[in-house]
Every structure is written in C-alpha cells, then in structure tokens.
There are 2 protein chains.
Amino acid sequence: MTAFGWSLAGTDGRGRAGTFHTSHGDVCTPVFAPVGTQGTVKALTPDQLESLGAGLILANTYHLYLRPGHQVIARLGGLHGFMGWNGPILTDSGGYQVFSLADRRDVDGDGVTFRSHLDGTEHRLTPEKAIAIQEDLGADIIMALDECPVPNDRDAVEGAVIRTHNWAERCLEAHTRTDQALFGIVQGGIFPDLRTDSAEFIAGLDFPGNAIGGLSVGESKPETLAVLELLDQTLPEDRPRYLMGVGSPEDLVEGVVRGVDIFDCVLPTRMARNHAALTRQGRLNLRRAEYIEDTRPIDPACDCYTCLKFTRAYLRHLSVSGEMLAATLLSIHNLHALVHLMDDLRQAILELRLNAFAEEFRDGYQKHRDPEA
Amino acid sequence: MTAFGWSLAGTDGRGRAGTFHTSHGDVCTPVFAPVGTQGTVKALTPDQLESLGAGLILANTYHLYLRPGHQVIARLGGLHGFMGWNGPILTDSGGYQVFSLADRRDVDGDGVTFRSHLDGTEHRLTPEKAIAIQEDLGADIIMALDECPVPNDRDAVEGAVIRTHNWAERCLEAHTRTDQALFGIVQGGIFPDLRTDSAEFIAGLDFPGNAIGGLSVGESKPETLAVLELLDQTLPEDRPRYLMGVGSPEDLVEGVVRGVDIFDCVLPTRMARNHAALTRQGRLNLRRAEYIEDTRPIDPACDCYTCLKFTRAYLRHLSVSGEMLAATLLSIHNLHALVHLMDDLRQAILELRLNAFAEEFRDGYQKHRDPEA
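Now for a look at the structure at hand. Because the structure is a prediction, the values reported are computed rather than measured.

## Notes on the pattern of salt bridges
Residues and elements named next belong to chain B.
- This structure, assessed with the given rule, holds 58 salt bridges over all chains.
- Across the pair Asp 108 and Arg 124 runs a salt bridge whose closest N-O atoms are separated by 3.0 Å. In this pair, Asp 108 sits in the loop between β7 (105-107) and β8 (112-115) while Arg 124 sits in strand β9 (residues 122-125), placing the two residues 16 residues apart along the sequence.
- Here Arg 124 falls in the partly exposed class, since its relative accessible area comes to 29%.

What follows is the structure in structure tokens.
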C-alpha cells in the first residue's frame, strides 16, 4: 500500500465503499468531485463548498497552465493556498482540453502541440510537461497524460491506446513528488478487446488509482455501461477507479453499482447557471412560470442551505431577473444533491442494500420531470 | 416618539451616533445600507451579508413592482421572507427610477405615467400607489414619492418641490401599516432658499425620519456639501436623516461630519463587479498586472472573509478570468469596508474625536491609489 492507499470499508455486489487517504485529508468513496475549472468552483466560495459537503474537488491543468500559469501558482504556494481550499484536490492532465481543441492541435508520438484558446499562442504538452505542471499545481491526485479519441473509430482508438500507454509509462517515470498520487488512465473506446488490453496494461503499471477515460464522449448509454462492466472484471479491486467527466444523478448510480469510486463533472454547476435544479426525482427548470408563487423549496427532502432558506418562487425570480445569486444558490443545491447521493450510495453499500437503493432510485427518477410537476 | 423612534447615543460637532428601532431589529447609525435592487444584494447570500456586518439593506420598489410584482411578494409573506433577510429593510418609492426613464415617462400633478424598461407596458405611479406597493413589500422603512429633478434648473426644481410636498402629504394620508416607518424627502436642488423651504415643510409633517433627495445627481461636490450644511440647520435633530444614493468612502465621511445618519448606494457592489476594491487609502483595480503575484490581501488591516482568506493574486486571477467569484469576494470586501467605516465613525462620535478621525481619513485617502501602489 502506498501513502495514498485506498482502504475498502465494504462491498455490496460490484459496489465498493472505501476511503482514499491524501495529504489533505481522507476522501470517502464513492465520491463526486465538483469541478473548479479555473481554480474556482464557479459561483461558490470555498466555505460554501465545504458546507455543502464537498470532499474532493477537481481543477483543470489546461486552464491553469495558460492562466495564471503553473509557475505562478507554485510561487504562490500551490493550488490549495491559491484558491483557499485545504481539502483534497485532483487535477487532470490537460490532455482532454487540448484534444478538444480540434483544429488547433497536432498530436504525435511524443506529445501534442496546440494553440491557446485565449490568445492563439503555441504550446507543447508532453507526458513530462503534464507531470511538471501538475507537480507545480500541487494537487493530491494527478493524472497521466492520455489521448481521448472518438470512441467508435477503431483506427483512432488503437492509435490513442498506444500513445496513452506509452505516455503512462513516461508520466510514471517523470513523477517525483511523493505527496501526490498519480493515476493511470484506461482508453479503448467502445471496443471490448482494446478496453481489456488497456486495463491490463495500465493495471500492470501499479498506479495507486486507475481512471476510465474516453467515456461519456458521444457513445450510447448501453455502450458506456458495457465498458464499465467489462473493466470491473479487469481493473484491480484494491485500487480506486475514477470515471472521468461523468456526473448526472442517473449516471452516478449506474457507475457505483458497476464498481466505480470517483466521478467528476461540470454538469451540476453548469446546470445551475442554466437555471436547472437536480433532485432524486429529476430536473426542475426554475424559470418555468408555474413556480412564480411556489412556496416550496426545490426539494422538500433536501437540507442544503438553498432548500432550507429559499422558495422556488424566489429562485425563479432570481433566475428570470438574471441575478448571479441564482447560480450560487442552484450550484449549492445541485452539488449538495450529488454529494449526498454519493453518501447515500456509500451507506447502502455498507448496509448491503445497494441494489434496492438503485432500484428505488431508478423508479423515482425522470430525467426531465417538469412536464409532470 | 413613534414606534420607530431614533434614540441619540451621542454627538460630536455635527456628527450624531444613534439607534433606529424597527420591527426587524435595531439599526445603529450612522449606517450604510447595501442595495439589493431586485430583492438580492448582487452576488451575495443573506448569510454573507449578515457575516460582513450589514445592518440595513435597501430594495427598489420600481424593480420589484415590475418583477415579480408587489402582490406576488405580499402573498409570499413580504420582502423579508421572500429574500431570506430577517434584518431591517428600506424600500425607496420607485420615483427615482421612474424619473430616470426620461422619454418613457410623463409627470403631472397627480403622479407619473411610465413605460416598463422590461416590456414597454404602461404603468402609473401616484403617491397612493407608491405607498400601497411598499405596504405590500413590507419593508421596515419606506419612502414618500418625490420628484428628483436636474439640480441646477430652477424652474424644474421649483415644480418638483411643489409636487414633492403635495405627494408627501398624500403619502402620509395613504399610509396605514403601523409597523413601517414612512420617511419624507426634501428636494430643492442646489438652491438654498428652496432647500430650506422644503426642509421646513417636510419637517412640519412630522415623519419619523427625513431623507435628503436630489443630491449626487450631477451637481459639484462643494454644492452637495453646502446643501448638507444648510439642511443640518433646518432638519429636526431628533429624527434620523437619510442621504439617498450616496456611498463612496469619502462621501460617507463628509456626510457624517455634516449630520447625516443613513446612506445607501450601489457603488460598492457595482465597483466589485468592475474589479475595484475600496480601502481607507483609496481604490484598487484588481485587474492590474502588478497584482499577479501579490500575496497580500486587498487590505492588510481588513478582517473580512475575502481579506482573511485570499490574496490579491487570486482575486486578480478570478477577475481577469471572468469568474463570478470575483464579484462575490469583492462585494464582501467593499461592503465590509463601508459598514465598518460607519462603525468607526460612530465610535469616533461617541469618543468625541470625529474631527480627528475625518482629518486622518482625508489625509490617507486617494480616490484612485493604484498608480502609486
């Protein structure tokens, strides 16, 4: 076991309840990590994040590398001090954003050259550079550089898997900070043989945690779930598994019952800025006229600050009036909803009733519940 | 003394320290009221407002009348419940915003007809309507309808004074809620004789508080101060005086030493959204490159949440990155700065050293301090 060991507290079916130990505290899993792209979870203070129960947050290497720069953040004492968050932080490698730049980047075996979306300047990202940047940022969990291809283009996926594996080895080699856990990433698109090969290769490198990349990028939901079920058989059971970029309530439940431990996604905060509230029964669009005099909280069963203090009527008023407070209050609620959904899933695992919990959730959940509200 | 009595705790020169009693708690004066135009002080939760020390907040009748509507707010339990603020609230009459609509409004002796800036619909505001709306909103301090003219156009000011006086009487007559304090408003532009006449007339109506309207609307600073000095001689000493729409640090100090007790202004929160921080030494523009690695807080002498927790470097990063959190953190700091400036002015009055405090403030203050920072 490494310094970042993950200890298993219990399992139920494929579901796993555990604790991941980091230099900035323990993370109970399964866990959902809110995304703080530019070193801030949008519209929230660190105190609000802590109050709503966030245990692990994610920041994006690509954005922070470009602005204010990893060396600036290093000189300012690292990301924890910079953004005033003393809990565990995870950074991605920057690769996903760079590969999303489409016609602004060129990949080769050694790395990828890209142009900044901010000012068009040219930059180069290699496995060694991705690690150096993340060591400067100083997160507790950092990620190997990988390539995330279109998931159903076999040629593209095969090439990406080769590069991803080579880069994983180089990242391991380059990584020097002993207070950071470096996770490897499995690729392979929707192809079972490639996924299995990739999982075996990455598992063989003995990372303290393994991530599942290249999902939720355009494939169908059954394809996503099939890959998760396949990887559950291949990835080591004694290491946490991180499903990158996934975070709707329904996807979290389906991921946990298939053995995933860590998730992150911009969905809850992006939805909040678009006036949508997440609940166990589905999503509410707070701009709808039906809420104009609705004195109920978003979710009567929720005990977040927003639900304890404000009515749907007030939230609707803030939303239609374009007030920033709408984004803050809905972000608090949406993140609280996902954080506590994970807490409840963990409890269900520990009490050996995960399947019943998942069934009940599926029965009660309609993705868009407004028309029936 | 009415139920809303203002008790004087001490005076020093023209400065006054007091307490205004309302149904939602006492307000220590002098006081600065943050502005919550649409029923929210922009970018802040009520908890953040309370933490930074806000004692009285203002909401705008014009905006809330149009959206969501005063009757909606009344059915939802009034403004306090609607916006989750249990402390004292002040509403204006809506007149100032309506008169600002320029070519969208027509004034006559009975009231003013205007078109909504939201959808162009036609509305009519009379003294009776302004009171009815404010009774529905349910603030602790409400304002008579007045007309705020261009301050140096004698004909316009004379007409506005006549209407303002007539409307003040009608507002008094229309007001029925005994849990609200209705304040009268003095007009008269920059003309000493009109100001004195107006102050005598309004004082004669025996409002529990008197407001000074029609200042900070284009006249010079010496003209503003001359009017304040004049009114200090005419307005009753046993009632609080409210200088509407004024709120830079330098104007607050000059108002307090001339006998003003209550102020409100969008300046601190608007500045926050424009990346400017207020300090006792002057304003900082947080977007400036010089702050990129500045590890100091905005103001080392400040103990607000923002200054205790974040560096100028981080605030600059948030500002240049367009993050909402910049507005939140700078609003917390700017409001805290003004609220505590008022606390310090009050203490200086009670300790009979107001003049020395004001002198020291003037010596240390440069409106735009960046070039020398």
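## A look at the sheet that holds strand β1 (residues 6-12) of chain A
Residue and element names in this part refer to chain A.
- The strand order across the open sheet formed by three strands is β1-β2-β3, and the pairing between neighbours is antiparallel. Each edge of the open sheet carries a strand with a single partner, namely β1 and β3 (25-29). The mean inter-strand angle of the sheet, taken between neighbouring strand axes irrespective of direction, is 10 degrees.
- Two elements, strand β2 (residues 15-22) and β3, share five bridges in a ladder whose sense is antiparallel. Within β3, the residue paired with Thr 19 across the bridge is Cys 28.

## Thoughts on the environment of A:Glu122
Residue and element names in this part refer to chain A.
- Mapped onto the fold, Glu 122 is located in strand β9 (residues 122-125).
- Those residues within four positions of Glu 122 in sequence are excluded, and the remaining contacts are Thr 113, Phe 114 and Arg 115.
- Only 3.4 Å separates the side chain of Glu 122 from the side chain of Arg 115, close enough to count as a polar contact.

## A few points about the pairing of strand β11 (residues 181-186) of chain A
Residue and element names in this part refer to chain A.
- For β11, a buried count of six out of six residues is recorded, marking the element as mostly surrounded by other parts of the structure.
- Along β11, one buried face is formed by Ala 181, Phe 183 and Ile 185 and the opposite face, lined by Leu 182, Gly 184 and Val 186, is buried too.
- In terms of strand pairing, strand β10 (residues 141-143) meets β11 through three bridges, oriented parallel. By the bridge assignment for β11, Ile 141 is matched with Ala 181.

## Quick notes on the relation of the copies chain A and chain B
- By a simple turn and slide, chain A fits onto chain B: the slide is 0.0 Å along the axis, the RMSD is 0.0 Å, and the turn is 180 degrees. Taken together, the rotation angle and the small translation identify this as a two-fold axis. Minimal C-alpha distance to the rotation axis in chain A is attained by A:Met324, lying at 3.8 Å.

## Structural notes on the interface of chain A and chain B
- In this assembly, 38 residues from chain A lie in contact with 38 residues from chain B.
- Interface area for chain A against chain B, summed over the two sides, is near 3300 Å², with a carbon-plus-sulfur share of 59%.
- Together, A:His317, A:Glu323 and A:Met324 form the three largest contributors to the area buried by chain A at its contact with chain B, with a combined 17%.
- Scanning the region where chain A abuts chain B turns up six salt bridges.
- Counting across the interface, chain A meets chain B through 20 residue pairs in polar contact (both at pLDDT 80 or more).
- At the level of secondary structure, the elements contributing two or more residues to the side of chain A that touches chain B comprise α1 (46-51), α3 (70-75), α4 (78-83), α12 (305-309), α13 (312-320) and α14 (324-350) of chain A.
- Considered class by class, the residues forming the side of chain A that touches chain B number 20 nonpolar, ten polar and eight charged.

## Quick word on unusual backbone geometry
- Here A:Arg67 and A:Pro68 are connected by a cis peptide whose omega angle stands at 10 degrees.
- Mapped onto the elements, A:Pro68 comes out in the loop between α2 (61-66) and α3.
- Note the cis peptide between B:Thr29 and B:Pro30, where omega equals 0 degrees.
- Along the chain, B:Pro30 turns up in the loop between β3 (25-29) and β4 (31-34).
- Non-glycine residue A:Ala102 carries a positive phi angle of around 55 degrees.
- Looking at the element boundaries, A:Ala102 is found in the loop between α5 (95-99) and β7 (105-107).
- Residue classification places A:Ala102 among the partly exposed residues on the basis of a relative accessible area of 47%.
- In this structure, B:His275 is a non-glycine residue whose phi angle is positive, near 70 degrees.

Reading the values: rules and limits
Residues numbered from 1 in each chain as written. Chains lettered and ligands numbered in written order. Predicted model: local features only at pLDDT ≥ 70, side-chain atom pairs only at ≥ 80, totals over all residues. Heavy atoms only, no water. Salt bridge = Lys/Arg side-chain N within 4 Å of Asp/Glu carboxyl O. Helix = DSSP H or I, 4+ residues; strand = E, 2+ residues; numbered from the N terminus. Buried < 20%, exposed > 50% of the residue type's maximum accessible area, 1.4 Å probe, protein only. Pairing = 2+ DSSP bridges. Axes fitted to C-alpha atoms, helices over the stretch in contact; angles between N-to-C directions. Contact = heavy atoms within 4.5 Å. Polar contact = N/O pair within 3.5 Å; in protein donor to acceptor, adjacent residues only side chain to side chain. Least-squares fit on C-alpha atoms with pLDDT ≥ 70 in both. Buried area = accessible area lost by both parts, 1.4 Å probe. Nonpolar A, V, L, I, M, F, W, Y, C, P; charged D, E, K, R; others polar.

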